[in-house]
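Inside the fold
Residues per chain are reported as follows:
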Amino acid sequence: QVQLVESGGGLVQAGGSLRLSCAASGSIFRVKDMGWYRQAPGKERDLVATVTNSGTTNYADSVKGRFTISRDNAKNTVYLQMASLKPEDTAVYYCLANVYRFRTSSSTTGYWGQGTQVTVSS
C-alpha cells in the first residue's frame, strides 16, 4: 500500500500565506508526477498545480503568480507554498502522486492524500 500524508492546512486571513506538505511512503519504486487539487463545498475537485519528476510545473489560472509547487525527490514529498490568499481559495486540498510501485512497472498508479482544510477569512 502507498500512503500520502498531508500537513500544513489551517485558518489564515486574506493576504496571508500557508505552506502545505505531502509525503508519500510505502511500496514505492519511484514517484513520477505529483500535484495538488482542491475541492470547495458543492464543487468538483479541481487541479491547482502539478510538477513532473523533471521539475516542469503547471498551475491553474486562478492561482498562477500566488502559489508555488515544488518537490523533494529524495523525500518523495511535494509542497505547495500559498501566498496572497483569498477567501475563494478556501477548500479541502488534496495531494496526488503517480507512483511506479515496482522496478518492472511500465505504468503508474495514482494515490491521493487524505485532504487538509484551508480556510481563508476576509
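Described in the following lines is the structure provided in the data block.

The rules we used
- Residues numbered from 1 in each chain as written.
- Predicted model: local features only at pLDDT ≥ 70, side-chain atom pairs only at ≥ 80, totals over all residues.
- Heavy atoms only, no water.
- Core = buried A, V, L, I, M, F, W, Y, C linked by side-chain atoms within 4.5 Å.
- Buried < 20%, exposed > 50% of the residue type's maximum accessible area, 1.4 Å probe, protein only.
- Helix = DSSP H or I, 4+ residues; strand = E, 2+ residues; numbered from the N terminus.
- Contact = heavy atoms within 4.5 Å.

Once that is clear, we can look at the nonpolar core. Grouped together as the largest cluster of nonpolar side chains are 30 residues, with contacts concentrated most on Trp 36, Leu 80, Met 82 and Tyr 93. Among the secondary structure elements, those contributing two or more residues to this core are strand E1 (2–7), strand E3 (18–26), strand E4 (30–39), strand E5 (46–51), strand E7 (67–72), strand E8 (77–82), strand E9 (91–100) and strand E11 (116–121). For this core, the leading source of residues is E9, giving 5 residues.

Looking at where Thr 116 falls in the secondary structure, it is placed in strand E11. Other than its neighbours up to four places away in sequence, Thr 116 contacts Glu 6, Gly 9, Leu 20, Ala 91, Val 92 and Tyr 93.

Here the phi dihedral of Asn 76 falls at roughly 50°; this positive angle occurs in a residue that is not glycine. With respect to the element layout, Asn 76 can be found in the loop between E7 and E8. Classification of Asn 76 by relative accessible area gives partly exposed; the value is 22%. Of note, Ser 84 is a non-glycine position whose phi angle comes to about 50°, a positive value. Structurally, Ser 84 is set in the loop between E8 and E9. Residue classification places Ser 84 among the partly exposed residues on the basis of a relative accessible area of 41%.

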